[in-house]
Amino acid sequence: MKLLILGGTKDAVDLAEGAAGLPGVQVIYSLAGVTQNPNLPNCGVRQGGFGGAAGLQDYLNAETFDAVIDATHPYAAQIARNASEACAAVNLPRLKFLRPPWTSQIGEKWEAVADIPAAVAALAGEEKRVFLTIGVKELATFEQAAGVPFLVRYIHPPKDGGSLTNAEVIVDRGPYTVDGERELMAKHDVGVLVSKNSGGDGASAKLIAARELGVRVIMVDRPALPAGEVIGRQSDALTWIRELN
Ligand code: NAP
């Protein structure tokens, strides 16, 4: 069985290694190629876009895949749509592998917003420093929050090298600890945290630290998923593969 795993997250790397360890399963792990020094699984790897849903469809046909797991990040909406469309067109089974979102706990001051522009709107008039942990893709949209001071953290700078004008910048790919996040937010006098709801343990330390410090949290909702089966646990995804094989 030949399986394409669309990746770009730590969970996807772990899943690819688990799947590659199953007897009779050949795994190709695909990356967009936007991250420098990405984590890679111990299996076949390809990098770069396919050229939209039609390009992905051609690739699936040419490389004779039997199934696709879309294990991309919850906010990677375009590739999720493309995978859905391409798999439907070539009649291949497709699974969305997606960790569950975080849920707010008592004492957390979460404000859910629909998307990045809504997060920017929610910052109108904010005078306290705003900690942005949303990656680089939509960073420029925050220029519209006039006068708001930012602390920006990303794992590598935007391709154009630019960041926000009114920002202090930290380049750090983690891992992050609650103590480290608390220290960082206190040092920079952070009053607001803007986060995507990535879920999982890897990035949750900032939320715990924010709760402890009474920092306001603006949580950007996940985009809608294409219809289809969704699995959150690696063991269940491996069962899905075994049952196809
Ligand atoms: P996106 O907006 O959904 O996709 C943009 C384009 O990038 C897609 O149309 C596709 O190009 C290409 N692409 C995306 N993922 C790919 C993959 N795994 N293999 C091959 N091509 C891929 O995605 P994004 O939000 O820019 O994220 C890009 C990558 O970073 C994804 O792999 C995602 O898992 C990872 N990531 C994203 C976030 C986030 O917050 N969005 C956070 C952490 C990691 P073509 O149309 O040319 O095929």
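About the thresholds
- Residues numbered from 1 in each chain as written.
- Predicted model: local features only at pLDDT ≥ 70, side-chain atom pairs only at ≥ 80, totals over all residues.
- Heavy atoms only, no water.
- Buried < 20%, exposed > 50% of the residue type's maximum accessible area, 1.4 Å probe, protein only.
- Helix = DSSP H or I, 4+ residues; strand = E, 2+ residues; numbered from the N terminus.
- Pairing = 2+ DSSP bridges.
- Right-handed = clockwise from strand over helix to strand, strands pointing away.
- Core = buried A, V, L, I, M, F, W, Y, C linked by side-chain atoms within 4.5 Å.
- Contact = heavy atoms within 4.5 Å.
- Near = heavy atom within 4 Å.
- Polar contact = N/O pair within 3.5 Å; in protein donor to acceptor, adjacent residues only side chain to side chain.
- Areas by Shrake-Rupley, 256 points an atom, 1.4 Å probe, with all protein chains shown as cover.
- Nonpolar A, V, L, I, M, F, W, Y, C, P; charged D, E, K, R; others polar.

Draft legend 1. Fine view of the pairing of strand β4 (residues 67–70). The alternating pattern of β4 places A67 and I69 on one face and V68 and D70 on the opposite face, and all of these are buried. Pairing geometry for strand β1 (residues 2–6) and β4, over four bridges, is parallel. Within β4, the position partnered with L4 by the bridge is V68. The sheet contact formed by β4 and strand β5 (residues 94–97) spans three bridges and is parallel. Within β5, the residue paired with D70 across the bridge is K96. This β-α-β element, β4 to helix α3 (residues 77–90) to β5, shows right-handed connectivity.

Draft legend 2. Looking closely at the nonpolar core. The biggest cluster of nonpolar side chains holds 22 residues, and the ones touching the most others in it are L3, I5, L15, I69 and I241. Looking at this core, the elements with two or more residues in it are β1, α1 (10–20), β2 (26–31), β4, β5 and α7 (234–244). Per-element tally for this core: the top contributor is α1, with five residues. Those residues in contact with I69 that sit more than four places away from it in its chain are L3, L4, I5, L6, L15, L95, F97, W240 and I241. If you look at the next biggest cluster of nonpolar residues, it comprises 21 residues, including A119, L123, V192 and V220.

Draft legend 3. Geometry of the site of the ligand. Around the ligand there are 22 residues in total, and G7, S30, F50, K137 and K196 lie nearest to it. G52 is positioned such that a nitrogen or oxygen atom in its backbone is 3.0 Å from an oxygen atom of the ligand. The contact in question runs from an oxygen atom of the ligand to an N or O atom on the side chain of N82, over 3.4 Å. Burial of the ligand by the protein chains amounts to 77% of its free accessible area of 810 Å². Elements that contribute at least two residues to the shell around the ligand include exactly β2 and α3. Top contributing element to the shell around the ligand by residue count: α3, with four residues. Grouping the amino acids of the shell around the ligand by side-chain chemistry returns eight nonpolar, eleven polar and three charged.

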